[in-house]
Amino acid sequence: MEENYDLTLIIHRYDPDTKRSWKQTYHLNAGRILRFVDLFRKINEEEDPGLAWNSSCEHGQCGSCSVKINGKPLLACELLVENAVEYFGTTTFEIEPLNVAPVIRDLVTDIEKAYKRVDKVKPYIIQSAPLSEKGEAYSITPDEMAPYINATRCINCFCCASACISSHRGFLGPNAMLASIVRLMDPREMEKIERLRVLYSDQGVCRCHSSHACSFVCPKEIDVAHFIALAKEGRFGSKSQKK
Amino acid sequence: MAITDSVIKRLEMWILPRLAQTPVVSIYAGTRGWPFVIAWIHRFFGILLVIYVLFHIYTLSFLETPALFDHKMKFFRFFLFVLLEWLLAIPVIFHALNGSRLVLYESFGFRKDGLMIRRLLGISVAYVFFLGLWMLLGNQTVTPLFFWLTVSIIAVIPVYLVTGKIWKTGMPVGWKLQRITGAFLLISIPAHLLFMHLHPSIGHESDVVIQRMQNTFIRFVDMALVVSVLYHGGYGLLAIAKDYLESKPLQTACAAIISLVMTVFAWIGIRLILTV
Ligand code: SF4
Ligand code: SF4
Ligand code: FES
């Protein structure tokens, strides 16, 4: 195992002031356990302070650092240099912003625009089940939670949306649908009809072609396609049913 | 199935690494997974089949003038066309079986997708091989009524199962009809291909075709084929178009154009079936 690698990073740049897009090549020598966010920081410190990129938690928990590396959407804070070299079989990496919303600058996309699709499905409990008479918090048993616990791990990194064969034109996208499905499977949620209407609308699950790319790229290893298929199967009831 | 699966697994171990090195496939297999590549092949073959079906209905429309039909059909006896007709079995069986795999995954909860993909490839290879054999033999006789009665009875099974499973879900009606027509075509189109190659005259000689179409049941089956295939193809095209057209008016315009083309071809097909 090599200690250091000579890497070539071809980064897609965009300057909003001049509206110019270009690819910029950086050569750097990096240790094998550096992550890609560390490489971006290294570029900022040693070569080009102007390169813009996003991150927050840097522990795979917030979803803000997602980019496409050699075409694969993933979290830049999770990918180690040695793993990238092994996975892609190269030391040259082309890095692009996710294609889920307009680019603000370089690798930074307008995440608020991307989030609009998630907002559409109201990713919170719309109408909560009544609390117990003693006023205790509603508790969910592990058995109740088991069928959908994996889906609750979504961090809205939009990697799945970026990989999806259905693109992003008028389609809610896998993570937004997943957010709604989580609430449909949540015993605390009483408002199912409104959710099903959105899910079964022209922008919803009927636009999914079961290409499984979402499940393949999800950094949280959520089988997104499985949850979407549950909706297609009619597991959560129909939009016209009585409350 | 265990032996077949192990043979397919071995083949797969030999083929996949090689396939994964081919230019376009290598990018998508590694970044989106094999089912994504298969989804693209499904799309591509679907578009190809829609084009073929429209061409097929167009050539059949020459049946109105039998002499002209026989003249045109002479071209299809050349080796190259026979080869192309055989190769047509590849998109047909792949699209049919992959479509059924999707229905099994989406509506029947079959989650062993890798296993299903292996089986679909195995059955596809076997079908294409047997169709080739059929074509080489080329002198089988069976009455059309017997063949199509049997096929129809078999085709009713997936239609019944799929309809029962999906009809009460909240999915849009258009989507449901796409699946139901798909279930019918899953059996009837590969069977149609087999039937057409039982004997060269079945599809190439106007008097044989016209005589077959005098039977009411055959007419009914042919009409069901035309309507199902055009609806299925039209909905598929629209689903692809929607992935690229963001604006609602553009989507509506596209839906109108596709509906118009499909209706015109359905009209040509049905008129032909009822009048020859
Ligand atoms: S489902 Fe996975 S890939 Fe998609 S947004 Fe959530 S965590 Fe990211
Ligand atoms: S399974 Fe559906 S949602 Fe997931 S990537 Fe494929 S088309 Fe998109
Ligand atoms: S920075 Fe939070 S997931 Fe990468």
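Residues numbered from 1 in each chain as written. Chains lettered and ligands numbered in written order. Predicted model: local features only at pLDDT ≥ 70, side-chain atom pairs only at ≥ 80, totals over all residues. Heavy atoms only, no water.

**Details of the overall build of chain A**
Across its full length, chain A holds nine helices and seven strands. Oriented by its inertia axes, the alpha-carbon framework of chain A measures out at about 60 × 35 × 30 Å. Buried residues in chain A amount to 53% of all 243 residues. Counting every atom, chain A has about 11200 Å² of accessible surface; 49% of that belongs to carbon and sulfur. Computed over 31 positive and 32 negative side-chain charges, the inter-centroid distance for chain A is 9 Å. (Helix = DSSP H or I, 4+ residues; strand = E, 2+ residues; numbered from the N terminus. Buried < 20%, exposed > 50% of the residue type's maximum accessible area, 1.4 Å probe, protein only. Areas by Shrake-Rupley, 256 points an atom, 1.4 Å probe, with all protein chains shown as cover. Lys, Arg positive; Asp, Glu negative; His and termini not counted. Charge placed at Lys NZ, Arg CZ, Asp CG, Glu CD.)

**A closer look at the packing of helix H6 (residues 89-107) of chain B against helix H9 (residues 173-196) of chain B**
When two helices pack together, their arrangement is given by the angle between the helix axes and the distance between those axes. Residues and elements named next belong to chain B. At a closest axis distance of 10 Å, the pairing of H6 and H9 adopts a crossing angle of 140°. H6 and H9 meet at a crossing whose hand is left-handed. Residue-level inspection shows Ala-89, Val-92, Ile-93, Ala-96, Leu-97, Ser-100, Val-103, Glu-106 and Ser-107 of H6 in contact with H9, the latter providing Trp-175, Arg-179, Leu-186, Ile-189, Pro-190 and Leu-193. Considering only residue class, the contact of H6 with H9 consists of 11 nonpolar, two polar and two charged. (Axes fitted to C-alpha atoms, helices over the stretch in contact; angles between N-to-C directions. Left-handed = near helix turned anticlockwise from the far one by under 90°. Contact = heavy atoms within 4.5 Å. Nonpolar A, V, L, I, M, F, W, Y, C, P; charged D, E, K, R; others polar.)

**Let's talk about the pairing of strand E3 (residues 66-69) of chain A**
Of the two faces of E3(A), the one holding Ser66(A) and Lys68(A) and the one holding Val67(A) and Ile69(A) are both buried throughout. Here E3(A) folds back onto strand E4 (residues 72-75) of chain A, and the loop between the two strands holds two residues, one of which, Asn70(A), carries a positive phi near 45°. (Pairing = 2+ DSSP bridges.)

**Observations concerning the interface of chain A and chain B**
Taken together, the contact between chain A and chain B spans 37 residues of the former and 33 residues of the latter. Between chain A and chain B the total buried area reaches about 2800 Å² when both faces are included, carbon and sulfur atoms providing 53% of it. One can count four salt bridges joining chain A with chain B. Between Arg207(A) and Asp243(B) there is a salt bridge, with the nearest N and O atoms lying 3.1 Å from each other. Here chain A is connected to chain B by 14 residue pairs in polar contact (both at pLDDT 80 or more). Among the elements of the structure, E4, helix H5 (159-163), helix H8 (213-217) and helix H9 (224-233) of chain A are those that each provide at least two residues to the side of chain A that touches chain B. Considering each element in turn, the side of chain A that touches chain B owes the most residues, six residues, to H9(A). Across the side of chain A that touches chain B, the residue classes tally to 15 nonpolar, 13 polar and nine charged. (Buried area = accessible area lost by both parts, 1.4 Å probe. Salt bridge = Lys/Arg side-chain N within 4 Å of Asp/Glu carboxyl O. Polar contact = N/O pair within 3.5 Å; in protein donor to acceptor, adjacent residues only side chain to side chain.)

**Some words on the site of ligand 1**
Residue and element names in this part refer to chain A. The local shell around ligand 1 holds 13 residues, among which Cys-154, Cys-157, Phe-158, Cys-160 and Cys-218 are the closest. Only H5 and helix H6 (174-185) provide two or more residues apiece to the shell around ligand 1. In the shell around ligand 1, the residues fall into 10 nonpolar, two polar and one charged. (Near = heavy atom within 4 Å.)

**Quick look at the domain arrangement of chain A**
Residue and element names in this part refer to chain A. What the domain assignment lists for chain A is domain 1 (4-109) and domain 2 (111-242). Computed over C-alpha atoms, the centres of domain 1 and domain 2 are 29 Å apart. Every contact between the two is made by 18 residues of domain 1 and, on the other side, 17 residues of domain 2. Of the roughly 1300 Å² buried at the junction of domain 1 and domain 2 (both faces included), carbon and sulfur atoms supply 58%. On the domain 1 side of the contact with domain 2, Pro-73, Asn-99 and Val-100 bury the most area, a combined 36% of that side's loss. At the surface where domain 1 touches domain 2, the tally comes to four residue pairs in polar contact (both at pLDDT 80 or more). (Domains from an automatic or database assignment.)

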